[in-house]
Amino acid sequence: MGALIEDESPHGANGPAAPRKRFGWTWLGLLPFFAFLSIFLLLPTVGLIRKAFVANDSSYTTKGFTDAISTEGAAFWNSFKISIITAILGVIFGTALAYAAATAKRPKWLRSLVSAFSGVAANMGGIILAFLFLTLLGRQGLGTKILADNFWDPYKSWFSINDFSGVVLVYMYFQIPLMVLVTLPAIDGLKSSWREASANLGGTSFTYWRRVGVPVLAPSMLGGFLLLFANAYSAYATAYALNTQSNLVPVKISFFLRGDVTGRSPMPFALATWMILFMAVSMGGYLVLRKRAERWQKSAAA
Amino acid sequence: MAKISGRVKAYLGRIGPTLVLLAAAVFFIAPILSTARAAFHKVPTILLNRHTWFQKWSLEGLRRAFKEEYFWTTLSLSLKLAVITVLITMLLLVPTALFVHLKLPRARALVEFLTVLPYVVPPIALVAGVAAFFRPNARWFLNSDFALAPFYVVMAMPFTYRAIDAGIKAIDVRTLVDASRSLGGSWFTTLRKALLPNMASSLLSSAFLTATIVLGEFTIANSLAKNTFATFSFEYFSRDAQGGVGLALLTLVATTALLGMMTLLTRTKSRKAATMTRF
């Protein structure tokens, strides 16, 4: 019916006039969607990027944009370090946990438990997560007390829940489960027949992983790394609840938005624009790799 | 001999994974247990020892929190926001996704691209966008508490659209529509009797996930100075730590229950279906 004609029209040689007419009217069906997204996402985004490049005297300049990175260099560096560290650790532990859960045979419910719990923990974040860890490893926390009484006082050495080490530890609580959710389908996609085929051809366990396992898992792992990086880089609520003075980019954006009553300073908008750039690179890479990884999962399901 | 060594080898091979699972169990369960203790145990950690461990357990912290006037007003606001966000999401995205499938397959790539854009503009950047665009142009809009809902719809869009789209792909929409239309059903009847029941599980799971995210959302609510349940919990924690921790535990339990319900309700054909996330 209608769809058939539409599918063919771009290939047909019936001139530009007819398709253009149809083009106009059919696309109107998407108007509510486009309008909604424009008002609540696109226009605000364009607005904030524009403000990053407008000086106090409303002339266009890149000064605010470059100033942001030079004066808030420490915040950028901290955010970057936290994101890289928690992403690497998240990839390692998340993949290990997913593999352990996927290959465990004995308690049958183990795999679904790990998967379901990961769903809860990966979505948690926010202030609740900060509270959970404050009760465990805060200065008056139960875990701190147990550790200090028996082994080692974390607050007398390098650890504090309110600084860098604390944020890294707390972020692992959502980074690891998120990685589990990313790699679990990929690990399920590894068919046992591939391992048998490799063994029949004389391959050792090492050859199997080098030639089959790792190449198949690689898109998920790399994609997972980018996703985890973006996730940690943009996380605000947990860091803010642990320490309202955290020197991290998201906390700084909120700090400057609050402090700037006139709405003239380009600082929060420049910081947000930088964040959008970082997100575009890492999330864009993740989405591309996700498409790639799903190829194996589809073939495994078939 | 070979048999035994094979079994030993398999056993040794499981040591690594077992250790990983045990370590994970400790890391993920310990904070929940310590939170439960902090919420219900009225002994300061410094005085904690063999003798005090079993004394003074009570629900007093939570009871105090329940007596707060703001507890009820903020909870009701957050629940209303969750419902409104889910409704807007469904009314906006279900017709859009169906329209793309049935009438405008050419637009699929563009629409998919637009729905993942919120990943690139995380909540804290969206807040800056609101300050840049809505403050000067439509300040009146931000005065309402419900101004949060459309931003939550945007925040949730990457996974809500994906779930709805997957639900549509899983059924043969074209055949269902043609069958219903040729039997004389109107578009509304087709939607209500043929399409929506078949998409129920994907709609439900995205609705539940959206609701849990709205209930815990702090960044936008705090930046726009709205008193939602999350901002109340944060503020209350600084006044009454025990009550605040109790609220956190309550939220955690409620979130888990919601997501658990989602898993149970949507566990139909594909038992191995991936757990849903924001991503």
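Small disclaimer: the values here were computed from a predicted structure and weren't measured.

Q: I keep staring at the overall build of chain B and nothing clicks. Help me out?
A: Counting its regular elements, chain B contains 12 helices and 0 strands. Each helix and strand of chain B, placed in order from N terminus to C terminus, yields the pattern α-α-α-α-α-α-α-α-α-α-α-α. Computed over C-alpha atoms, the radius of gyration of chain B comes to 24 Å, more than 25% over the 19 Å expected from 2.2 N^0.38 for 279 residues, which places it beyond the range of a compact globule. With 279 residues in all, chain B has 50% of them scored as buried. Roughly 13,900 Å² of accessible area belongs to chain B as shown, and the carbon and sulfur atoms make up 68% of that amount. Charge-centre separation for chain B: the mean point of 30 positive side chains lies 11 Å from the mean point of 11 negative side chains.

Q: Explanation requested: the environment of B:Val130 in the structure shown.
A: Relative to the assigned elements, B:Val130 resides in helix α5 (residues 123–137). As a C-alpha pair, B:Val130 and B:Phe151 span 21 residues in sequence and 9.4 Å in three-dimensional space. With near-sequence residues (within four places) excluded, B:Val130 lies in contact with A:Pro44, B:Arg135, B:Leu142, B:Phe151 and B:Leu224.

Q: What exactly am I supposed to notice about the packing of aromatic side chains here?
A: Two measures describe an aromatic ring pair: the distance that separates the ring centres and the angle between the ring planes. As enumerated under the stated definition, the model contains 41 aromatic pairs over all chains in all. Ring centres 4.7 Å apart and planes at 85° place the aromatic pair B:Phe71 and B:Trp72 in the edge-to-face group. Residue classification places B:Phe71 among the buried positions, given a relative accessible area of 2%. An aromatic cluster is defined as three or more aromatic residues linked by ring pairs; in this entry it consists of A:Phe53, A:Phe65, A:Phe76, A:Trp77, A:Phe80, A:Phe229, A:Tyr233, A:Trp274 and A:Phe278. Taking the ring centre of A:Phe164 as reference, the NZ or CZ of A:Lys81 above it sits at 4.9 Å. One cation-aromatic arrangement involves A:Lys252 over A:Phe255; the distance from NZ or CZ to the ring centre is 5.3 Å.

Q: Sorry, what's going on with the domain arrangement of chain A here?
A: Size of an interface: often given as the accessible area lost when the parts come together. All names here are of chain A. Annotation of chain A at the domain level lists domain 1 (4–52) and domain 2 (68–301). Contact residues are listed per partner, giving 5 residues for domain 1 and 7 residues for domain 2. For the domain 1 and domain 2 pair, buried surface summed over both sides reaches about 520 Å², with 76% attributable to carbon and sulfur atoms. Considering only the side of domain 1, the residues that lose the most area to domain 2 are Leu48, Lys51 and Ala52, jointly responsible for 82% of the buried surface there. Scanning the region where domain 1 abuts domain 2 turns up 0 salt bridges. Counting across the interface, domain 1 meets domain 2 through 0 residue pairs in polar contact (both at pLDDT 80 or more).

Q: Teacher, can you tell me more about the packing of helix α2 (residues 60–67) of chain B against helix α12 (residues 241–266) of chain B here?
A: When two helices pack together, their arrangement is captured by the angle between the axes and the distance separating the axes. Residue and element names in this part refer to chain B. Relative orientation of the contacting elements α2 and α12 amounts to 90°, with a least axis distance of 8 Å. Viewed along their axes, α2 and α12 adopt a mutual orientation that is roughly perpendicular. Across the interface between the two elements, Gly61, Leu62, Arg64, Ala65 and Phe66 from α2 touch Gln242, Gly243, Gly246, Leu247 and Leu250 from α12. Here the residues of the contact of α2 with α12 are counted per class, giving 5 nonpolar, 4 polar and 1 charged.

Q: Please explain the side chain of B:Arg37 as it appears in this structure.
A: Structurally, B:Arg37 can be placed in helix α1 (residues 2–40). Summary of buried charges: B:Arg37 has no salt-bridge partner, and the nearest side chain of opposite charge, A:Asp149, is 11 Å away. Contacts of B:Arg37, omitting those with residues within four sequence positions, involve A:Leu142, B:Val43, B:Thr45, B:Leu48, B:Trp53 and B:Trp57.

Q: What should I look at first to understand the nonpolar core in this one?
A: Nonpolar side chains in soluble globular proteins tend to end up buried together. Counting 166 residues, the largest nonpolar core has A:Ile161, A:Ile253 and B:Phe134 as its most contacted members. At 16 residues, helix α9 (residues 164–189) of chain A tops the list of elements feeding residues into this core. Beyond its immediate stretch of four places on either side in the chain, B:Phe134 contacts A:Ile39, A:Phe40, A:Pro44, B:Gly129, B:Arg139, B:Phe141, B:Leu142 and B:Phe151.

Q: I'm lost on the interface of chain B and chain A in this one. Help?
A: Opposite the 83 residues of chain B that make contact, chain A presents 86 residues. With both sides pooled, the region where chain B packs onto chain A buries about 7,200 Å², and carbon together with sulfur makes up 78% of that total. Taken together, chain B and chain A are joined by 6 residue pairs in polar contact (both at pLDDT 80 or more). Take the side of chain B that touches chain A: its biggest share by element is 14 residues, from α1(B). For the side of chain B that touches chain A, the residue count by class is 59 nonpolar, 14 polar and 10 charged.

Q: Mind showing me how you'd approach the confidence of the model for chain A here?
A: It should be kept in mind that the predicted coordinates are not to be read in detail where pLDDT is low. In this model, chain A carries an average pLDDT of 84, and 89% of its residues clear a pLDDT of 70 or more. Within chain A, helix α3 (residues 31–52) of chain A carries the highest mean pLDDT (95), whereas helix α1 (residues 2–8) of chain A carries the lowest (41).

Q: Before we go on, may I ask you to explain the domain arrangement of chain B in this structure?
A: Residue and element names in this part refer to chain B. Domain parsing of chain B yields domain 1 (2–54) and domain 2 (60–266). Inter-centroid distance (C-alpha atoms) of domain 1 to domain 2 is 35 Å. Facing the 8 residues of domain 1 at the interface are 7 residues of domain 2. In this assembly, domain 1 packs against domain 2 so that about 650 Å² is buried in total across both faces, 72% of it on carbon and sulfur atoms. At the boundary of domain 1 and domain 2, one finds 3 residue pairs in polar contact (both at pLDDT 80 or more). A class-by-class count of the residues in the side of domain 1 that touches domain 2 yields 5 nonpolar, 2 polar and 1 charged.

Q: Any chance you could explain the environment of B:Ser144 here in plain terms?
A: Looking at where B:Ser144 falls in the secondary structure, it is placed in the loop between α6 (139–143) and α7 (148–170). For the pair B:Ser144 and B:Thr89, spaced 55 residues apart in the sequence, the C-alpha separation amounts to 19 Å.

Q: Please clarify how the packing of helix α6 (residues 110–124) of chain A against α12(B) should be interpreted in this entry.
A: For the pair α6(A) and α12(B), the least separation of the axes is 10 Å and the interaxial angle reads 130°. In terms of axis orientation, α6(A) runs oblique to α12(B). Note that α6(A) runs across α12(B); the crossing there is right-handed. Mapping the contact onto sequence places A:Gly119, A:Val120, A:Asn123 and A:Met124 in α6(A) and B:Leu252, B:Thr256 and B:Leu259 in α12(B). Per-class residue counts for the contact of α6(A) with α12(B) are 4 nonpolar, 3 polar and no charged.

Definitions and limits used
Residues numbered from 1 in each chain as written. Chains lettered and ligands numbered in written order. Predicted model: local features only at pLDDT ≥ 70, side-chain atom pairs only at ≥ 80, totals over all residues. Heavy atoms only, no water. Helix = DSSP H or I, 4+ residues; strand = E, 2+ residues; numbered from the N terminus. Rg over C-alpha atoms; globule rule 2.2 N^0.38 Å. Buried < 20%, exposed > 50% of the residue type's maximum accessible area, 1.4 Å probe, protein only. Areas by Shrake-Rupley, 256 points an atom, 1.4 Å probe, with all protein chains shown as cover. Lys, Arg positive; Asp, Glu negative; His and termini not counted. Charge placed at Lys NZ, Arg CZ, Asp CG, Glu CD. Contact = heavy atoms within 4.5 Å. Phe/Tyr/Trp six-rings, centres within 6.5 Å; stacked < 30°, edge-to-face > 60°. Lys NZ or Arg CZ within 6 Å of the ring centre and 35° of its normal. Domains from an automatic or database assignment. Buried area = accessible area lost by both parts, 1.4 Å probe. Salt bridge = Lys/Arg side-chain N within 4 Å of Asp/Glu carboxyl O. Polar contact = N/O pair within 3.5 Å; in protein donor to acceptor, adjacent residues only side chain to side chain. Axes fitted to C-alpha atoms, helices over the stretch in contact; angles between N-to-C directions. Parallel < 35°, antiparallel > 145°, perpendicular 65-115°, else oblique. Nonpolar A, V, L, I, M, F, W, Y, C, P; charged D, E, K, R; others polar. Core = buried A, V, L, I, M, F, W, Y, C linked by side-chain atoms within 4.5 Å. pLDDT = per-residue confidence, 0-100. Left-handed = near helix turned anticlockwise from the far one by under 90°.

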